[in-house]
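Listed below are the residues making up each chain.
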Amino acid sequence: MDLHFEQALKQITDFMKSEAKTETVIGDQFQLGEFTCVPVIKVGMGFGSGGGEDTATKASKSKKEGMGAGAGMGIEPMGFLVTREDNISFIETGKAHGLAAAIEKAPELIEKYAEHRKEREMA
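## Section: the overall build of the protein
Along the protein, the regular secondary structure elements total three helices and four strands. Walking the protein from its N terminus toward its C terminus, one meets helices and strands in the order α-α-β-β-β-β-α. Taken across its 123 residues, the protein has 15% of its residues classed as buried. For the protein, long-range pairs separated by at least 24 residues make up 55% of all intrachain contacts whose partners lie at least 6 apart in sequence.

In structure tokens, the structure reads:
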């Protein structure tokens, strides 16, 4: 049975390598004032395959073969690493609200940035 399993597996893993990146799912790191925000994702992958053959019988005189294979991948945004100077924190997106939870935190970050900038100007 000529399955070309190694070739198929290489094509699947090459595809997953090219697609299972933060940039593909939710984008590159970005600047928000003095804050640098880095998206963080979780990736899960699974593979499965099987095959078989039936020997020829007296009646059919032909050998039957079959195979199947599959792969699956799940990508989920988890949150953002947010840095400013020497400070780093993680803003979780949460499973219930997805990326919207991180976006809801943006006004808080902007407010903190504005307060810090005002303090620096007054000093």
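## A few points about the sheet that holds strand 3 (residues 64-84)
Read across the sheet, four strands follow the order 1-2-3-4 without closing on themselves; strand pairing throughout is antiparallel. The open sheet terminates on both sides in strands that have one partner only, identified here as strand 1 (30-32) and strand 4 (87-92). Averaged over all pairs of adjacent strands, the angle between their axes in this sheet comes to 30 degrees, without regard to strand direction. Two elements, strand 3 and strand 4, share six bridges in a ladder whose sense is antiparallel. Following the sheet pairing, F80 is matched in strand 4 by I91.

## As for the pairing of strand 3
Pairing geometry for strand 2 (residues 35-54) and strand 3, over 19 bridges, is antiparallel. Bridge pairing in strand 3 places G46 opposite G72. Two successive antiparallel strands, strand 3 and strand 4, enclose a turn made up of two residues, where E85 displays a positive phi of approximately 55 degrees.

## Structural notes on the packing of aromatic side chains
Each pair of aromatic rings is reported with the distance of its centres and the angle of its planes. Under the definition given, this model contains one aromatic pair. With 6.1 Å between their ring centres and 75 degrees between their planes, F30 and F80 make a pair best called edge-to-face. Residue F30 is found in strand 1, and its partner F80 is found in strand 3; the two are separated by 50 residues along the sequence. For F80, a relative accessible area of 11% corresponds to the buried category.

Basis of the calculations
Residues numbered from 1 in each chain as written. Predicted model: local features only at pLDDT ≥ 70, side-chain atom pairs only at ≥ 80, totals over all residues. Heavy atoms only, no water. Helix = DSSP H or I, 4+ residues; strand = E, 2+ residues; numbered from the N terminus. Buried < 20%, exposed > 50% of the residue type's maximum accessible area, 1.4 Å probe, protein only. Contact = heavy atoms within 4.5 Å. Pairing = 2+ DSSP bridges. Axes fitted to C-alpha atoms, helices over the stretch in contact; angles between N-to-C directions. Phe/Tyr/Trp six-rings, centres within 6.5 Å; stacked < 30°, edge-to-face > 60°.

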